[in-house]
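Geometric and topological summary
Here is how the chains run, residue by residue.
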2 protein chains.
Amino acid sequence: MWKMTSLTKIVGIQLPIIQAPMAGGATTPELVAAVSNAGGLGSLGAGYMAPAEIKQAIRKIRELTDKPFAVNLFIPETGQATANQMQHACDDIKQSCIELNIEIAPISEPYAQSFAEQINIIIEEKVPVFSYTFGMLDSAWISQLQTNHTILIGTATTLAEARMLEENGSHFIVAQSSEAGGHRGTFLGKAEDALIGLINLIPQLVTQIKIPIIASGGIMNGRGIAASLDLGAAGVQMGTAFLTCSEAGIPDIYKKTLLAQREDNTVLTRAFSGKLARGIRNKFIDRMGKKTTILDYPIQNALTIAMRKKAKEQNNIDFMSIWAGQSAQLCRNTTASELINALVIETQALYK
Amino acid sequence: MWKMTSLTKIVGIQLPIIQAPMAGGATTPELVAAVSNAGGLGSLGAGYMAPAEIKQAIRKIRELTDKPFAVNLFIPETGQATANQMQHACDDIKQSCIELNIEIAPISEPYAQSFAEQINIIIEEKVPVFSYTFGMLDSAWISQLQTNHTILIGTATTLAEARMLEENGSHFIVAQSSEAGGHRGTFLGKAEDALIGLINLIPQLVTQIKIPIIASGGIMNGRGIAASLDLGAAGVQMGTAFLTCSEAGIPDIYKKTLLAQREDNTVLTRAFSGKLARGIRNKFIDRMGKKTTILDYPIQNALTIAMRKKAKEQNNIDFMSIWAGQSAQLCRNTTASELINALVIETQALYK
């Protein structure tokens, strides 16, 4: 029975399917709750959200569902940028800002939300599942989350990272393969050196890590789910597939772009945030490919916020970050529950 | 019944498993015949072989088996190198040659075997299956192969390449994913832009290409086979898994290196041949990463032949091309028939 795995048993859900915690607005409370109501595990991508916004979103999710759900945060990183580098980085994105009719100027700290304030909300609200990306969780937080019986899900892109997360107290590990859309979760070594395909990463981890592994990267349909379970995963985490659901909070032009894909048009870029991420190639990525000054994450991310916001307002796909995995051409125009029902039928057919 | 697919039916084999045609000596007639005798499809990687050697190997295979087998050739490419570039390339590999105690000097044409002479052997010998890599086959050859009822297998790394091969008359397409070891088969655009994970590439092709797709890249065990078939493939092609079989013609130190892997230590490099290929990182790859002159394929390949030959003689792993896929840590020390029997048991267990 493919529907019962350690993921479904421990988390108390019906299906081994997690909707990925995509930060930046895609994972509305409506999407998260719809996925959980359909038997999967919805996840709020709260990495960029202010603490008050996280609290509000969690309460909204709880109004919409009584099922388990997850919230995800980014383990904090500090970048460095001299005034000179900051000016160069501004110069490099200036032309794009002019085309959007906005000003660009050097920015100062804070470059990201306060992690301590964010995670305090997770603890106060006794969130059922907490997933985290870009690193390890300090043991002080782990103790508090354990007291709440919060289930912990770390993110690894290599065996070495998975080992560290296992020792650190994660209950599950999301194994992010090279096919995945959005930011690479790599926290040991260079992200460019940690681009391992799903068909290798999952067997590599399941044979060497004791806690259950959740497959992520390029999974879009029943074939991908069945393949992941065959590889030994306890479940799947799917991001791009949920972006084109009606509940997802991304601009219509972003959805239309995904639905228009016929083959892989994604590239890996640091242009938007300073951190390597996979998205559909566009004017900004191409333009920044020729520039030399991309600031450290999260500084570059903070610097391009205004540009991306304006691009969204103007429905201008040239300057948005169109994060997507390599299988975006398999996106469907449905609701979240329709998608999940279809995934169940497709997977079931392969397990007959 | 997972063992019966369009691949087994059309080729007349028992199992949908192809042993990949790895050029450079790995695919001895003994390996090819052992795989075919065990119910799979053995393949001779003849890309670098002289026509007379190919003929001899085919005859030897036929002495050892009466089952179908495949021979693979490289579609020819012409590289360019000025005298100045040739000298720079020599300078860049000089230090490595000194350490091996050999001389390095500029080389001249021909840089590769004559394709016309090679394929004439395939035609004369009425080889049952002909697979080809690095491009399309001229229609004149296709007509002659069709007259012989030779089954044709092209190699694609993207949807666009698969479409061209389908229109060109291939009967099957090997879809080479980013995880694969050895040379990238990309022939449209840059190889760096065609690194698509298996979990994406196979569903992408099976939904848009009519002829059957064979999955390749990182498949090492029953989990990988079951996953590939779930993704819609008609079979799998496995290379690295067969390199550590006792019949494989690679140096012992190469086998030992593969068997000692615990995680992915592969990188993509042009250092050995001028064409992007995946192998285990070593001194030569690291050293060449800092050099600027790597000649076009096949010129760089011809230029480094002496160095690689000497490294093999000296059992010196630092200067060999240790081609391997991302899942090399799953290599086993067995015979080819033991490996195939194990693959059958493992796959069967997942289809219960």
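Described in the following lines is the structure provided in the data block. (Residues numbered from 1 in each chain as written. Chains lettered and ligands numbered in written order. Predicted model: local features only at pLDDT ≥ 70, side-chain atom pairs only at ≥ 80, totals over all residues.)

**Some details on the environment of Leu259 of chain B**
Residues and elements named next belong to chain B. Relative to the assigned elements, Leu259 resides in helix α11 (residues 252-259). Between the alpha carbons of Leu259 and Ala328 there is a distance of 7.7 Å; along the sequence they are 69 residues apart. If we ignore the near neighbours within four places in the chain, the residues touching Leu259 are Thr244, Cys331 and Asn333. (Helix = DSSP H or I, 4+ residues; strand = E, 2+ residues; numbered from the N terminus. Contact = placed C-beta atoms within 7 Å.)

**With respect to the nonpolar core**
One finds Ala175 and Ile214 of chain A together with Ala175 and Ile214 of chain B to be the most contacted residues of the largest nonpolar core, which totals 222 residues. In this structure, Ile214 of chain B is in contact with Leu7, Ile18, Phe172, Ile173, Val174, Ala175, Ala233, Ala234, Gly235, Val236 and Gln237 of chain B, ignoring residues within four places of it in sequence. (Core = buried A, V, L, I, M, F, W, Y, C linked by C-beta atoms within 7 Å. Buried ≥ 20, exposed ≤ 12 C-beta atoms within 10 Å, placed from the backbone.)

**Here we look at the relation of the copies chain A and chain B**
Mapping chain A onto chain B calls for a rotation angle of 180° and an axial translation of 0.0 Å; the resulting RMSD is 0.0 Å. Read as a symmetry element, the transformation amounts to a two-fold axis. Minimal C-alpha separation from the rotation axis in chain A is found for Ala227 of chain A, amounting to 1.9 Å. A symmetric contact is evident, with 100% of the interface residues of chain A recurring at the interface of chain B. (Least-squares fit on C-alpha atoms with pLDDT ≥ 70 in both.)

**Digging into the pairing of strand β2 (residues 42-45) of chain A**
Every other side chain in a regular strand lies on the same face of the sheet, so the side chains alternate between the two faces. All names here are of chain A. Across the two faces of β2 the burial is the same, with Gly42 and Leu44 and Ser43 and Gly45 all buried. Strand direction decides the pairing type here: β2 and strand β3 (residues 69-74), joined by 4 bridges, are parallel. Bridging across to β3, Leu44 finds its partner in Val71. Handedness of the crossover is the feature at issue here: the chain leaves β2, passes through helix α3 (residues 51-64), returns alongside β3, and the resulting connection is right-handed. (Pairing = 2+ DSSP bridges. Right-handed = clockwise from strand over helix to strand, strands pointing away.)

**Considerations on the sheet that holds strand β7 (residues 182-183) of chain A**
All names here are of chain A. Pairing is antiparallel in the open sheet, where 3 strands are placed in the order β7-β11-β10. Each having just a single partner strand, β7 and β10 (266-269) make up the two edges of the open sheet. By the bridge criterion, 2 bridges tie β7 to strand β11 (residues 277-280) in an arrangement that is antiparallel. Residue His183 lies in a different strand from β11, and its bridge partner there is Ala277.

**Examining the interface of chain A and chain B**
At the interface, 30 residues of chain A touch 30 residues of chain B. In terms of residue class, the side of chain A that touches chain B is built from 11 nonpolar, 14 polar and 5 charged. (Nonpolar A, V, L, I, M, F, W, Y, C, P; charged D, E, K, R; others polar.)

**Concerning helix α4 (residues 83-100) of chain B**
All names here are of chain B. In a regular helix each residue adds 1.5 Å, so 18 residues correspond to 26 Å; α4 covers 24 Å between its end C-alpha atoms and thus fits that length. At Lys94, α4 is deflected by roughly 45°, the largest bend along its length. Looking at the packing, one finds that the buried side of α4 touches α12 (283-289) and α13 (299-313). With its phi angle positive at about 65°, Asn101 sits one or two positions after the end of α4. (Expected span 1.5 Å × (residues − 1). Bend = angle between axes of the 7 residues up to and from the residue.)

**Details of the sheet that holds strand β7 (residues 182-183) of chain B**
All names here are of chain B. In space, the 3 strands of this open sheet follow the order β7-β11-β10, with antiparallel pairing throughout. One side of each edge strand has no neighbouring strand; the edge strands of this open sheet are β7 and β10 (266-269). Relative to strand β11 (residues 277-280), β10 runs antiparallel, the two being bridged by 4 bridges. Among the inter-strand pairings, Val267 is bridged to a residue of β11, identified as Gly279.

**Here we look at unusual backbone geometry**
A negative phi angle is the norm for most residues apart from glycine, just as the trans form is the norm for most peptide bonds. Looking along the chain, the bond that leaves Glu109 of chain A and enters Pro110 of chain A is cis, with omega of -5°. Note that Pro110 of chain A resides in the loop between α4 (83-100) and α5 (115-124). Located in the positive-phi region is Asn315 of chain A, a residue other than glycine, with phi close to 55°. With respect to the element layout, Asn315 of chain A can be found in the loop between α13 (299-313) and α14 (336-350). If you check the backbone angles, Asn101 of chain B has positive phi at about 65° while not being a glycine. You can see Asn101 of chain B is positioned in the loop between α4 and α5 (115-124).

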